[in-house]
Amino acid sequence: MIETGFGFRLPPGRPVERRDHTHPNPSRWHWLRRRGNVTFVRPAEEIDDRRERFCLAIASVLRWARLFGVFPLSNLTAPSPDELQFRLLSPFIVLSALSVVGGLLVMIAALIRLQRVGINAVNMAEPIFFGTCTLLNLLFVRLATRWRDFMLFWARREEMFFARPYGAINLRRKVLVLALCIIGSASVEHMVYVINQAYNVYQESLACRYNVSNPFKLYGSLTYRSVFQSVPYHQFVTVYLLYTTVSLTFVWTFTDLFIMLISTGISCRFAQLNRRIDSNLLNGSESFWCEMRTHYVGLIELVERVNRVVGPLVIVSCANDMYFLCLQTLNTVEDKPFAINEWYFRYSFTFLILRTSVKLWYAADVDEMSTRTHKLVQQIRTEQYNDELEILRICSATEVSISGMGFFNITRKIFLTMAGSILTYELVLLRFHRSSRGVGEDLPCGYID
């Protein structure tokens, strides 16, 4: 159905921002979005803010992430992004600090152990894991300090999609379903890890005939062997290290999930725009295409801001996933002494592959949706063309995608690129693994009660 009328009545209580002079860093698309000094506004539908606004939709997930020391932001459920606050004196900052300090402690202890026993292809994974996840946690703290301004910018760019004829899409449901699937699978993976590790400790106690009077001490001493080789054992240190492990494991999974949610929030808006353009391919109204151009450029600005704010998380997350994909691929050739080890490895490796693939797929969907806009515009007949439509065609020809700080863009092609890189690094890792056999192993049965 072709739209014929364009309203300019302002929705009650929603003033239109006419100038961007108050924004300190206007984007390079600023002049184009405001070309002709026209902003098209329609009467907004009655929408549920908590279901449709990205800030409130993702807050449903972020509020629980804070319990694991991630994203220490206060007042997350506030109805307006302007009420978000980053407080240095808050319990969430304390949890983040505990996670970061614990991660640094384990990383340093693991590096000291490597200096003592030597490095092989497997034992260097411990300092890499704790160091990288600690870095991710610090990046989330950095992001929390900028989240208020980021969400204010996001809210301005998505406001136009609450007006007719776009309608509601229930973004909160999409966010919650995705979060429940990823976090639920990660919870199962961590529980299986704990069972697997406890079984390994039990088997070692039988083989070495340990006189075990305190099973909790045995589990902590063998699980965090590198730490307790550097500091005396204490049960509170073990509890702290257990929380640190859970927190940083959650950070690793949550970073992938966060990138998925950010990508979903953008691609859904592109999908709304594409549906509207698809139903108006025969519309020759210049005012309509001026409105479409304004909305499309607004989304380009949003993607550019996302790349500036979230880019460090993207590049660290992709590097971390690639390393552990290589490591787990190497572990496929290793013999597993017990059946529980084999089942844990299969589930963990499968979950890592699926989680990384889904993250890249959702991030690449931004590029796919923006490319579809260009394909739709290309379908319009020559006699329907006008100046605004030509500007939209030129704008939509630019690459719009999630980027890792400009080093790479996430598109569908990244799957082949990543597969080739993994194969190359896997050959190097395999050669290093063979040359370092017998190096980097502790003396057996070294536990003393």
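Everything numeric here is computed off the predicted structure, so don't read it as measured data.

(A) The nonpolar core, seen in detail. By size, the foremost hydrophobic cluster in this structure holds 106 residues, and its most contacted members are Trp 147, Phe 254, Phe 258 and Ile 266. Top element by residues in this core is helix α10 (residues 286-331). It accounts for 23 residues. Within the second largest apolar cluster, 7 residues are counted, among which are Val 201, Tyr 210, Leu 218 and Leu 222.

(B) Structural view of a nonpolar patch on the surface. On the surface, a nonpolar cluster with roughly 240 Å² of combined accessible area is contributed by Leu 104, Ile 108 and Ile 112. Here Leu 104 is to be found in helix α4 (residues 91-117). When its relative accessible area of 37% is taken as the criterion, Leu 104 is described as partly exposed.

(C) Region of interest: the packing of helix α7 (residues 215-223) against helix α9 (residues 235-278). One way to put it is that α7 packs onto α9 with a least axis distance of 10 Å and a crossing angle of 55 degrees. When the axis of α7 is compared with that of α9, the two are oblique. The element α7 and its partner α9 pack so that their crossing is left-handed. Contacts between α7 and α9 pair Phe 216, Tyr 219 and Gly 220 from the former with Gln 235, Thr 238, Val 239 and Leu 242 from the latter. Partitioned by chemical class, the residues of the contact of α7 with α9 number 4 nonpolar, 3 polar and no charged.

(D) Inspection of the UniProt feature "transmembrane region" (unreviewed entry) in the protein chain at higher detail. The UniProt feature table records "transmembrane region" (unreviewed entry) at residues 92-112, 124-144, 175-195 and 240-266. When the span residues 175-195 is considered, its composition is 100% helix and 0% strand, and the gap between its end C-alpha atoms is 30 Å. A distance of 38 Å separates the end C-alpha atoms of residues 240-266, which is 100% helix and 0% strand.

(E) Representation of α9 within the structure. For α9, spanning 44 residues, the distance from its first C-alpha to its last is 63 Å, which sits close to the expected 64 Å at 1.5 Å a residue. At Phe 254, α9 shows its largest kink, close to 25 degrees. Buried residues dominate α9, accounting for 34 of its 44 residues.

(F) How the structure looks around the packing of aromatic side chains. In total, this model carries 27 aromatic pairs according to the counting rule given. Ring geometry for Phe 140 versus Phe 254: centroids 5.5 Å apart, planes at 50 degrees, classification tilted. Here the residue Phe 140 occupies a position in helix α5 (residues 125-158), and Phe 254 occupies one in helix α9, the gap between them amounting to 114 residues. Here Phe 140 matches Phe 254 in class, with each residue buried. Geometrically, the ring pair formed by Tyr 347 and Phe 351 is stacked, given 6.4 Å between the ring centres and 15 degrees between the ring planes.

(G) Main features of the packing of α4 against α9. For the pair α4 and α9, interaxial distance at closest approach is 9 Å and the crossing angle is 100 degrees. Judged by the inter-axis angle, α4 sits roughly perpendicular to α9. Packed against α4, whose contacting residues are Leu 95, Leu 98, Ser 99, Val 101, Gly 102, Gly 103, Leu 105 and Val 106, the element α9 presents Tyr 240, Leu 241, Tyr 243, Thr 244, Ser 247 and Leu 248 at the interface. Split by residue class, the contact of α4 with α9 holds 9 nonpolar, 5 polar and no charged.

Basis of the calculations
- Residues numbered from 1 in each chain as written.
- Predicted model: local features only at pLDDT ≥ 70, side-chain atom pairs only at ≥ 80, totals over all residues.
- Heavy atoms only, no water.
- Core = buried A, V, L, I, M, F, W, Y, C linked by side-chain atoms within 4.5 Å.
- Buried < 20%, exposed > 50% of the residue type's maximum accessible area, 1.4 Å probe, protein only.
- Helix = DSSP H or I, 4+ residues; strand = E, 2+ residues; numbered from the N terminus.
- Patch = residues over 30% accessible without salt bridge, like charges linked within 9 Å, V, L, I, M, F, W, Y side chains within 5 Å.
- Areas by Shrake-Rupley, 256 points an atom, 1.4 Å probe, with all protein chains shown as cover.
- Salt bridge = Lys/Arg side-chain N within 4 Å of Asp/Glu carboxyl O.
- Axes fitted to C-alpha atoms, helices over the stretch in contact; angles between N-to-C directions.
- Parallel < 35°, antiparallel > 145°, perpendicular 65-115°, else oblique.
- Left-handed = near helix turned anticlockwise from the far one by under 90°.
- Contact = heavy atoms within 4.5 Å.
- Nonpolar A, V, L, I, M, F, W, Y, C, P; charged D, E, K, R; others polar.
- UniProt positions renumbered as here; feature names shortened; annotations may be inferred.
- Expected span 1.5 Å × (residues − 1).
- Bend = angle between axes of the 7 residues up to and from the residue.
- Phe/Tyr/Trp six-rings, centres within 6.5 Å; stacked < 30°, edge-to-face > 60°.

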